[in-house]
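Structural characterization, general
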Amino acid sequence: MENEVSLEDLPSLPNLSWLVRPCEQYKEEYGDCRSIKAKFHQYFIHGESRDCTQWKTDYDNCLLYRNKKDLEALVSVIESEKQRRNERLSGHYNNNVWEKRDSPPEDWNKPLPECLQKNDEVSYISIKLQEQKEGKEDTKSLCTIS
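Residues numbered from 1 in each chain as written. Predicted model: local features only at pLDDT ≥ 70, side-chain atom pairs only at ≥ 80, totals over all residues. Heavy atoms only, no water.

For the protein, the name recorded in an unreviewed UniProt entry is Synaptic plasticity regulator PANTS, with Petrolisthes cinctipes as its organism. You can read under Subcellular location (unreviewed entry) in the UniProt record for the protein the words "Synaptic cleft". Under Sequence similarities (unreviewed entry), UniProt gives the following word-for-word description of the protein: "Belongs to the UPF0545 family." (UniProt positions renumbered as here; feature names shortened; annotations may be inferred.)

This is how it looks when you write it as structure tokens:
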């Protein structure tokens, strides 16, 4: 699946057009949202069944943009995606428990405590690195990338 908005078209389209997913994903989300399993989950988590119509609306608008290059439909999908993203990140933005920092702590790269250094000496990775340095590396590969 490719994105509905191509990189070549991006400069001429509305801002945040890259947020638009492939149309098939909106259809899948709509189907998933309406499934029995999802309804049980929604009831358990939210205490009620959630409204799934926005997924269907986004799917229809996505198809409108795909087939007829309707910019209004594209803007509608972008607004929906922005709203979804804001909902998902609201916990982060509204968090007032943790103090956000602008830079890492002064001593972020200090040496590990002695007990952790001892654990590191006998870890699988350090043993393999030592074997590699000594030339005892196992040359057979179990990699099956094809």
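Having put the structure on the table, let's press on.
Empty space within the largest pocket amounts to approximately 540 Å³. Lining the largest pocket are 15 residues; nearest its centre among them are Arg-50, Asp-51, Trp-55, Arg-84 and Glu-87. The set of elements that each furnish at least two residues to the lining of the largest pocket consists of α1 (23–34), α2 (36–46), α3 (53–68) and α4 (71–93). Among the residues forming the lining of the largest pocket, the class breakdown is 3 nonpolar, 6 polar and 6 charged. (1 Å grid on protein atoms, 1.4 Å probe; cavity = no way out; pocket = protein on both sides within 12 Å on 5 of 7 lines; lining within 4 Å. Points joined across faces, edges and corners; volume = space filled by probe spheres on them. Helix = DSSP H or I, 4+ residues; strand = E, 2+ residues; numbered from the N terminus. Nonpolar A, V, L, I, M, F, W, Y, C, P; charged D, E, K, R; others polar.)

So, on to the packing of α1 against α2. At a closest axis distance of 5 Å, the pairing of α1 and α2 adopts a crossing angle of 65 degrees. Taken as axis vectors, α1 and α2 run roughly perpendicular relative to one another. On the side of α1, the interface is formed by Asp-32, Cys-33 and Arg-34, while α2 contributes Ile-36, Ala-38, Lys-39 and Gln-42. (Axes fitted to C-alpha atoms, helices over the stretch in contact; angles between N-to-C directions. Parallel < 35°, antiparallel > 145°, perpendicular 65-115°, else oblique. Contact = heavy atoms within 4.5 Å.)

Right, let's get into the pattern of salt bridges. Tallied over the full model, the rule gives 10 salt bridges. For Lys-56, the salt bridge is made with Asp-60, and the minimal N-O distance between the two is 3.3 Å. Of this pair, Lys-56 and Asp-60 both sit in helix α3, 4 residues apart, which is roughly one turn of the helix. The partly exposed category is assigned to Lys-56, whose relative accessible area is 34%. Assessed through its relative accessible area of 35%, Asp-60 is described here as partly exposed. Across the pair Asp-58 and Arg-84 runs a salt bridge, and its minimum N-O distance is 2.4 Å. Here Arg-84 lies in helix α4 and Asp-58 lies in helix α3, a separation of 26 residues in the sequence. (Salt bridge = Lys/Arg side-chain N within 4 Å of Asp/Glu carboxyl O. Buried < 20%, exposed > 50% of the residue type's maximum accessible area, 1.4 Å probe, protein only.)

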